[in-house]
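# Working through the structure, step by step
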Amino acid sequence: MQLIIYSIIVLCATMIGAITGLGGGIIIKPAFDVVGMDTTSMISVYSTVAVFTMCLVSIYKRSKLGFQVDKHIVFGLAFGSIIGGKIGDIVFLQAVEMMGNQFVSITQSIILFVLLGGIILFTLNKEKIQTLTVSNLIAIITIGLCVGIISVYLGIGGGPLNIALMVYFFSMKAKEAAAYSIVMIFFAQMMKMTTVIYEFENYQSVSFIILAIAIFAVLGGWIGTKIQARLTHETVERLYLGLMMVLLIMTAFNVFKFIVI
């Protein structure tokens, strides 16, 4: 039953993640929390495998569709995301060791709730906000660093933050922001994925679940990228905003559940 539930969640999450640029982790983390079958640490591993695999497939598919990126922005964000991802992983592991899974889960859900609320407000009011066109490499690396730390610590892949930051700092449209977001998520998760592979012997008992998650992430990334290519910027943005609303409600439920329990 666990395998079936996880596979369905991962397929839907990575497909939607590829369409909107959210990556899927932002859906997987709270959804797995709601299901409540694993610890925070194990959910983080599953989320990393799913998100990394989906991003790899989506980047490949987008390259075949002819999507071009600004290498200056991509490499700056990627470099910052890699470092930030490693820092975020260290902070997460230290927090679990010092305060336990329960406390970390509560703080993750609270931070995520505040973050989602802020992103929704920004998206609804972005027409009234003067966006920027950042070109300074140090500034770009710093943006990637911050996103990498937050996304890996929360286990969400960084999608919601990426989209909002791409729109604000680089004045991008929804579909363009989604593509850059996928690249950022890929690099942010790279260090965490390296750790998972290095410590894979610790996950032998759940290796079949991890394999299933990877397979369904491939399917989700492939299908989602094909669908996104046919959608307009406005449609992608509406899907993104609608998903943020659903996730806000789901995260609020998780905060309530953790506090009550």
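Bear in mind that the values here come from a model prediction, so they are computed numbers and not experimental data. (Residues numbered from 1 in each chain as written. Predicted model: local features only at pLDDT ≥ 70, side-chain atom pairs only at ≥ 80, totals over all residues. Heavy atoms only, no water.)

### Looking at the side chain of Thr-195
With respect to the secondary-structure elements, Thr-195 resides in helix H7 (residues 174-198). Overall, the relative accessible area of 16% leaves Thr-195 in the buried class. Excluding residues within four positions of it along the chain, Thr-195 makes contact with Lys-86 and Asp-89. (Helix = DSSP H or I, 4+ residues; strand = E, 2+ residues; numbered from the N terminus. Buried < 20%, exposed > 50% of the residue type's maximum accessible area, 1.4 Å probe, protein only. Contact = heavy atoms within 4.5 Å.)

### Examining the nonpolar core
Core analysis: the biggest nonpolar cluster contains 72 residues, and Ile-26, Phe-32, Tyr-46, Leu-77, Met-166, Phe-170 and Met-244 have the highest contact counts within it. Among the elements that line this core, the one with the most residues is helix H4 (residues 71-125), at 13 residues. When sequence neighbours within four positions are dropped, the list of residues in contact with Met-166 reads Leu-77, Ser-171, Met-172, Ala-177, Tyr-180 and Met-184. (Core = buried A, V, L, I, M, F, W, Y, C linked by side-chain atoms within 4.5 Å.)

### So, a nonpolar patch on the surface
Nonpolar side chains collect at one region of the surface, where Tyr-60, Phe-208, Leu-211, Ile-215, Leu-219, Trp-222, Ile-223 and Ile-227 lie side by side and expose about 760 Å² of accessible area between them. Among the elements that take part in the nonpolar patch, helix H8 (residues 207-228) stands out by supplying seven residues, more than any other. Given the relative accessible area of 45%, Ile-215 is considered partly exposed. (Patch = residues over 30% accessible without salt bridge, like charges linked within 9 Å, V, L, I, M, F, W, Y side chains within 5 Å. Areas by Shrake-Rupley, 256 points an atom, 1.4 Å probe, with all protein chains shown as cover. Salt bridge = Lys/Arg side-chain N within 4 Å of Asp/Glu carboxyl O.)

### A word on the state of the cysteines
One pass over the structure, following the stated rule, counts zero disulfides. Free cysteine Cys-12: the closest other cysteine sulfur is in Cys-55, separated by 17 Å. Cys-55 gets classed as buried once you look at its relative accessible area, which sits at 0%. (Disulfide = S-S within 2.5 Å.)

### Considering the packing of H4 against helix H5 (residues 137-154)
A packed helix pair is summarised by two numbers, namely the angle formed by the two axes and the spacing between the axes. Between H4 and H5, the least distance of the axes is 3 Å, while the angle of their chain directions is 30°. Taken as axis vectors, H4 and H5 run roughly parallel relative to one another. The handedness of the crossing between H4 and H5 is right-handed. Of the residues belonging to the contact of H4 with H5, the class tally is 22 nonpolar, 11 polar and one charged. (Axes fitted to C-alpha atoms, helices over the stretch in contact; angles between N-to-C directions. Parallel < 35°, antiparallel > 145°, perpendicular 65-115°, else oblique. Left-handed = near helix turned anticlockwise from the far one by under 90°. Nonpolar A, V, L, I, M, F, W, Y, C, P; charged D, E, K, R; others polar.)

### Regarding the UniProt feature "transmembrane region" (unreviewed entry) in the protein chain
Look at the UniProt record and you will see "transmembrane region" (unreviewed entry) annotated at residues 7-28, 40-60, 72-96, 102-124, 136-157, 205-224 and 239-260. Between the C-alpha atoms that bound residues 7-28 the distance is 10 Å, and the span itself is 82% helix and 0% strand. Annotated as 100% helix and 0% strand, the span residues 239-260 places its first and last C-alpha atoms 32 Å apart. (UniProt positions renumbered as here; feature names shortened; annotations may be inferred.)

### Section: unusual backbone geometry
Even without glycine at this site, Ser-171 takes up a positive phi of about 55°. If you trace the backbone, Ser-171 turns up in the loop between helix H6 (159-170) and H7. Classification of Ser-171 as partly exposed rests on a relative accessible area of 36%.

### Some details on the pattern of salt bridges
Using the criterion set out here, one finds two salt bridges in the structure. Across the salt bridge formed by Lys-126 and Glu-127, the nearest N and O atoms sit 2.9 Å from each other. With relative accessibility at 69%, the residue Glu-127 sits in the exposed group. A salt bridge links Glu-237 to Lys-126, with the nearest nitrogen and oxygen atoms 3.2 Å apart. In this pair, Glu-237 is assigned in helix H9 (residues 233-260) and Lys-126 in the loop between H4 and H5, connecting sequence segments 111 residues apart. Looking at Lys-126, the relative accessible area reads 16%, which means it is buried. Bridged by salt links that share partners, the residues Lys-126, Glu-127 and Glu-237 form one connected network.

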